[in-house]
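Working through the structure, step by step
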Amino acid sequence: MKDIMGMMKAASEMKGKMEAMQAELAEMVVEGRSGGGMVVVALSGKGDLRGLKIDPTLLKPEDAEMVEDLIVAAFNDAKGKSEAEMQRKMSEVTAGLPIPPGMKFPF
């Protein structure tokens, strides 16, 4: 019975930590860059687009396809950084819990 009470307490603590972490992720902003910094995308920790900056020298009609590719690359860079930060924070929250390898949070 003692183990069940300990598990319930640990689950309650983890829930509080996860809620705090999710709030922190919503406020976090990660920047992704491409084209040597000519395109910058800012995402929240949850992947919401917060900003987009394009160097004015790229805004020529003949360069439209290149600019589109740079935007996608910058977005993917920011998303990768955001996901890595989320996994790092999640590992802090779940440290010490017997979680099977490969299981990712949030579900």
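Residues numbered from 1 in each chain as written. Predicted model: local features only at pLDDT ≥ 70, side-chain atom pairs only at ≥ 80, totals over all residues. Heavy atoms only, no water.

Digging into the pattern of salt bridges
- What the rule picks out here adds up to 7 salt bridges.
- In this structure, Lys79 and Glu83 form a salt bridge, with 3.9 Å as the shortest nitrogen-oxygen distance. Of this pair, Lys79 and Glu83 both sit in helix α2 (residues 64-93), separated by 4 residues, roughly a single helical turn.
- Assessed through its relative accessible area of 41%, Glu83 is described here as partly exposed.
- For Glu85, the salt bridge identified is with Lys89, shortest N-O distance 3.6 Å. Placement of both Glu85 and Lys89 in helix α2 is noted, with a separation of 4 residues, approximately one turn of the helix.
- Residue Glu85 is classed as partly exposed on the basis of its relative accessible area of 23%.
- Each of Glu24, Glu85, Arg88 and Lys89 takes part in one network of salt bridges that share partners. (Salt bridge = Lys/Arg side-chain N within 4 Å of Asp/Glu carboxyl O. Helix = DSSP H or I, 4+ residues; strand = E, 2+ residues; numbered from the N terminus. Buried < 20%, exposed > 50% of the residue type's maximum accessible area, 1.4 Å probe, protein only.)

A closer look at the sheet that holds strand β2 (residues 39-44)
- The strand order across the open sheet formed by 3 strands is β1-β2-β3, and the pairing between neighbours is antiparallel. The outermost strands of the open sheet, each flanked by one partner alone, are β1 (29-34) and β3 (49-54). Taken pair by pair, the neighbouring strands of this sheet meet at an average axis angle of 15°, ignoring direction.
- Two elements, β1 and β2, share 6 bridges in a ladder whose sense is antiparallel. Its bridge partner being in β2, Ser34 is matched across the sheet by Val39. (Pairing = 2+ DSSP bridges. Axes fitted to C-alpha atoms, helices over the stretch in contact; angles between N-to-C directions.)

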